[in-house]
Amino acid sequence: MGEYEQKLAEMNIVLPNAPLPAANYVPYVQIGDMLYVSGQLPKDGDRLLTGKLGDDIDISQGAEAAKICAINLLAQVKAACDGDLDRLKRVVKLVGFVNSTPDFTEQPLVVNGASDLLGEALGEAGKHARAAVSSPSLPFGVAVEIEGTFQIS
Amino acid sequence: MGEYEQKLAEMNIVLPNAPLPAANYVPYVQIGDMLYVSGQLPKDGDRLLTGKLGDDIDISQGAEAAKICAINLLAQVKAACDGDLDRLKRVVKLVGFVNSTPDFTEQPLVVNGASDLLGEALGEAGKHARAAVSSPSLPFGVAVEIEGTFQIS
Amino acid sequence: MGEYEQKLAEMNIVLPNAPLPAANYVPYVQIGDMLYVSGQLPKDGDRLLTGKLGDDIDISQGAEAAKICAINLLAQVKAACDGDLDRLKRVVKLVGFVNSTPDFTEQPLVVNGASDLLGEALGEAGKHARAAVSSPSLPFGVAVEIEGTFQIS
């Protein structure tokens, strides 16, 4: 087990098998050392974290969903790196889409669930650029969807 | 006519002239072999496919709009390649924005209209990473807007 | 003062210190000559331009917010270039998220506030690819959020 996965294990996080896409596309595309990963949903085993911020779930539930999106992003990166997550050089950018009502304004606190996980698990390599916005709805009613760009070796 | 355009012709698709931007920007920017294409609208000749998923149009109409966005993305790639679409190496990533109500949850089925077209016309080169989310509204009331990143030679 | 900042000064624009992120991430990540800048908010000194298009603000107010987002993007680019904005080679792509009601359809006119500023200040280097969509809500209730990709030397 590599350094990053050991750190994740200390955080009680085991990367799942990389989730399959919900439709007709691929989980990631690598061009040179850049890895473009498809939007990941908060799928935790058989459980899908659904709900709308400002309506039926609160910020801590939203942040938990964002955290699971980040775990699934890392699972995709690991798959792209033939199982060796330590080939991850840098989390470049995340775009987080928060399922929310029109009056919800705490998107950053929700997407922090992903950013905090990446910072804690990956240190300097986890420091990323980011955009956090809302969507009026997301696939299958999930609370958060996050896409990511990564640099790998 | 190149290989990809022949395949498109078999699918009864003729690439239009690359649509002009709706405002003060350019249709694409090339950096090295990466091509960043502006968000394309479902403009089919003089017709603009408008409507909101979950309200006044259904999934098949949304998927048709996404397909037209993909055709317009390819038209821009062709223009960037000086008319030779076969210089397209890979569709890297699409981000699809679906105009929908807050309770619509089938964004993937809508954006599949674009992904299916690209897969069928381009084969391996058409396999892309993707995010599919909703917007509460889109320019001119269109049903779908899709931006894309491509690798060209 | 470099050429671009002189042009900005003629436009009565002084770049602020680069705004800090609203949460646990970094303002930009550089990979090679590509610079990925986090979503910027319309923060003008202590003032934050809030409001929703189609509801309590109009297109000119939205465009002003987009312009301030663009100024903050340039402030981040300048910081990434160790204070020398003339190292900016190209604005590659903007994605503009407009805080709007479900029936607002003039996203391009709003995001033009950013595109016009960049075109006027930077000339050829300011010509960018772009997507303009709506969000039902944005962080702190801001009117617009814009993320950007840049090429620097």
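Look up: the structure comes first, before these words.
Computed from a predicted structure; not experimentally measured.

Peer 1: Just give me the short version of the overall build of chain A, but keep the residues and values in it.
Peer 2: Across its full length, chain A carries 3 helices and 7 strands. For the C-alpha atoms alone, the extent of chain A along its principal axes is close to 40 × 35 × 30 Å. The 153 residues of chain A split such that 61% are buried. Long-range pairs, those at least 24 residues apart, make up 80% of the contacts in chain A with a sequence separation of at least 6. In the form shown here, chain A has an accessible surface area of approximately 5600 Å², with 46% of it arising from carbon and sulfur atoms.

Peer 1: Give a detailed account of helix H3 (residues 107-122) of chain C, specifying residues and quantitative values.
Peer 2: All names here are of chain C. Along its 16 residues, H3 runs 23 Å from first to last C-alpha, staying within 8% of the 22 Å computed at 1.5 Å per residue. When the local axis directions of H3 are compared, the greatest deviation, roughly 40°, occurs at glycine 113. A large share of H3 lies buried, amounting to 12 of its 16 residues. Summarising the contacts, the buried residues of H3 are in contact with helix H1 (3-10), helix H2 (59-80), strand E5 (88-99), strand E6 (129-135) and strand E7 (144-152). Looking at the residues trailing H3, positive phi occurs at glycine 123, about 60°.

Peer 1: Describe the pairing of strand E1 (residues 28-31) of chain A, listing the residues and the values that go with them.
Peer 2: The side chains of a regular strand alternate between the sheet's two faces. All names here are of chain A. Alternating positions in E1 separate cleanly, Val29 and Ile31 being buried on one face and Tyr28 and Gln30 remaining unburied on the opposite face. Here E1 pairs with strand E2 (residues 34-40) via 4 bridges, running antiparallel. In the strand pairing of E2, valine 29 is matched with tyrosine 36. Counting the residues in the hairpin turn of E1 and E2 gives 2 residues, including glycine 32, whose phi is positive at 60°.

Peer 1: So what's going on with the pattern of salt bridges? Residues and values would help.
Peer 2: Inspection of the entire model under this criterion finds 16 salt bridges over all chains. Between A:Lys78 and A:Glu5 there is a salt bridge whose closest N-O contact spans 3.2 Å. One end of the pair, A:Lys78, is in helix H2 (residues 59-80); the other, A:Glu5, is in helix H1 (residues 3-10), and 73 residues separate them in sequence. For C:Glu147, the salt bridge is made with A:Lys93, and the minimal N-O distance between the two is 2.5 Å. Remark: A:Lys93 occurs in strand E5 (residues 88-99) and C:Glu147 occurs in strand E7; the pair is interchain, linking two chains. Both residues of the pair, C:Glu147 and A:Lys93, count as buried.

The rules behind these values
- Residues numbered from 1 in each chain as written.
- Chains lettered and ligands numbered in written order.
- Predicted model: local features only at pLDDT ≥ 70, side-chain atom pairs only at ≥ 80, totals over all residues.
- Heavy atoms only, no water.
- Helix = DSSP H or I, 4+ residues; strand = E, 2+ residues; numbered from the N terminus.
- Buried < 20%, exposed > 50% of the residue type's maximum accessible area, 1.4 Å probe, protein only.
- Contact = heavy atoms within 4.5 Å.
- Areas by Shrake-Rupley, 256 points an atom, 1.4 Å probe, with all protein chains shown as cover.
- Expected span 1.5 Å × (residues − 1).
- Bend = angle between axes of the 7 residues up to and from the residue.
- Pairing = 2+ DSSP bridges.
- Salt bridge = Lys/Arg side-chain N within 4 Å of Asp/Glu carboxyl O.

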